[in-house]
Amino acid sequence: MSKLKEKAPYVIEQYNSSKTIQEISKLSSLSICSIYKILNTNNIKLNRKEKYSINESYFTKIDSNEKAYILGFILADGYNNVERYNLRITLHRKDIDILEKIKLAMCANNNISLTSYNNSTQATLSIINKKISSDLFNLGMKPGKSYNAKLPVISENLYKSLILGIFDGDGSLSINHNEYDRGSFTITGTKEMIFSISNIFRKECDVNCYINQRYKERDNNNYSLNLCGNKVVIRVLNWLYTDSTIYLNRKHDKYLKLKEIINMKMKIKEDKKIKIDTTNSKNEIDKIEIETKIISLYKENKSIRQINLILNLDRRFISKIIKKYELPIKDKSNYNDYKLIKIKEY
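Residues numbered from 1 in each chain as written. Predicted model: local features only at pLDDT ≥ 70, side-chain atom pairs only at ≥ 80, totals over all residues. Heavy atoms only, no water.

**Here we look at the nonpolar core**
Ranked by internal contacts, the top residues of the largest apolar core, which has 67 residues, are Phe-59, Phe-185 and Phe-201. Broken down by element, this core gets its largest block of residues, eight residues, from helix α4 (residues 65-77). The residues touching Phe-59, leaving out its near neighbours within four places in the chain, are Lys-67, Ile-70, Leu-71, Ile-74, Met-106, Ile-132, Asp-135, Leu-136 and Leu-139. If you look at the next biggest cluster of nonpolar residues, it comprises 12 residues, including Tyr-15, Ile-24, Tyr-36 and Ile-38. (Core = buried A, V, L, I, M, F, W, Y, C linked by side-chain atoms within 4.5 Å. Buried < 20%, exposed > 50% of the residue type's maximum accessible area, 1.4 Å probe, protein only. Helix = DSSP H or I, 4+ residues; strand = E, 2+ residues; numbered from the N terminus. Contact = heavy atoms within 4.5 Å.)

**As for unusual backbone geometry**
Of note, the phi angle at Asn-119 is positive, near 65 degrees, even though the residue is not glycine. Residue placement: Asn-119 occurs in the loop between β3 (113-117) and β4 (120-128). Residue Asn-119 is classed as exposed on the basis of its relative accessible area of 90%. Even without glycine at this site, Asn-301 takes up a positive phi of about 75 degrees.

**A few points about helix α13 (residues 315-324)**
Of the residues making up α13, those classed as buried are Ile-318, Ile-321 and Ile-322. Burial along α13 is one-sided: seen end-on, the buried residues are contained in an arc of 100 degrees. For α13, exposure combined with an orientation more than 90 degrees from the buried face picks out Arg-316, Lys-320 and Lys-323. Where α13 starts, the residue carrying a side-chain oxygen 3.0 Å from the main-chain nitrogen of Arg-316 turns out to be Asp-314. Looking one or two places after α13, you find Glu-326, whose phi comes out positive at around 55 degrees. (Arc of directions from axis to C-beta. Polar contact = N/O pair within 3.5 Å; in protein donor to acceptor, adjacent residues only side chain to side chain.)

**Some words on the pairing of strand β6 (residues 182-189)**
Among the eight residues that make up β6, six are buried, leaving the element largely enclosed by the rest of the structure. In the sheet, strand β5 (residues 171-176) pairs with β6 via six bridges, with the strands oriented antiparallel. Across the sheet, Leu-173 pairs through a bridge with Phe-185, a residue of β6. Here β6 runs beside strand β8 (residues 223-228); their pairing, made up of six bridges, is antiparallel. Counted as the bridge partner of Ser-184 is Cys-228 from β8. (Pairing = 2+ DSSP bridges.)

**Remarks on the environment of Lys-61**
Summarising the element assignment, Lys-61 is placed in the loop between α3 (32-41) and α4. Overall, the relative accessible area of 56% leaves Lys-61 in the exposed class.

**Thoughts on the confidence of the model for the chain**
Caution applies to low-pLDDT regions: their predicted coordinates should not be interpreted in detail. With 86% of its residues at a pLDDT of 70 or more, the chain has an overall mean of 84. Predicted confidence is poor over residues 331-346, with pLDDT under 50, and the contacts of this stretch with residues over four places away or in other chains come to 17 contacts. (pLDDT = per-residue confidence, 0-100.)

**Some remarks on the pattern of salt bridges**
Counted according to the given criterion, the structure contains seven salt bridges. Between Lys-67 and Asp-63 there is a salt bridge, and its shortest N-O distance comes to 3.2 Å. The exposure class of Lys-67 is buried, given its relative accessible area of 15%. One salt bridge in this structure joins Asp-97 and Lys-101, with 3.9 Å as the shortest N-O distance. Here Asp-97 pairs with Lys-101, and both are found in helix α5 (residues 96-105), just four residues apart, close to one helical turn. Residue Asp-97 is classed as buried on the basis of its relative accessible area of 17%. By relative accessible area, which is 25% here, Lys-101 ends up partly exposed. (Salt bridge = Lys/Arg side-chain N within 4 Å of Asp/Glu carboxyl O.)

Here you go:
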């Protein structure tokens, strides 16, 4: 016996005893959608006052970043049953935060149900509303969207929020924790959707995307867009998250982690550069001091050999400095004489 069939008598009894659907949901640990299903299946007439509230005109006009994001998320990870007017989003429980945000944005007061599946807990937001289902259908949420989905036509300035929603619903961000800590970015979808996103990235972020077909042997329309390398990935992510009002916490945290890694690498690189510049400056100062000492000793009538003994420097180096400053050279025939002769002009 299914859970709904098992709970049906209790739900009907409580409803007939004037309990509200919200109260029954709390008592039975069933979602509001499940309670509606039990009541409808058993032909129980619903009290108009018991219908849960929601902004049913939410998707009538996509005119904000928040609406564009939620539309993108639903396009990627939602299911619109147009026959039953049922919008359904099911995620792993760890991502329940985004379902709560969607509920809040749409002013929905129904519960998010939790169910166990394959040793994991899933969170589901189910909304039954004819107008919402119809508006989503007109925006591209049609049966078989996995094969024919396209980017909906909305204001150009809202596309980054739409794509961020698609990324949170059907994309991934990974950081390869090796010596390079390299980030990689992926979005999956239909060929039409992926190529549209690639064109937008090229225009807005000046990046080229790698696109390939997934599971070719299945004869499907499933493609992936890939970006690799920290500079490219962070450029796209910075663009997507700028001015964002809603996002999946888990992926946003990973984005912040990648930014932290990149900033740390830049600081290390800058510190190395400063160290090298400091070393070069010190070497330059030492070089000038040595040359000054050579010139001073030479002008004091010291021979190259004597300077060599005093400063412990190679004679050829001393000679090079003397020639560099065009100083007169001493007569090599008699070191005791220190007779000066002028460098020949060539």
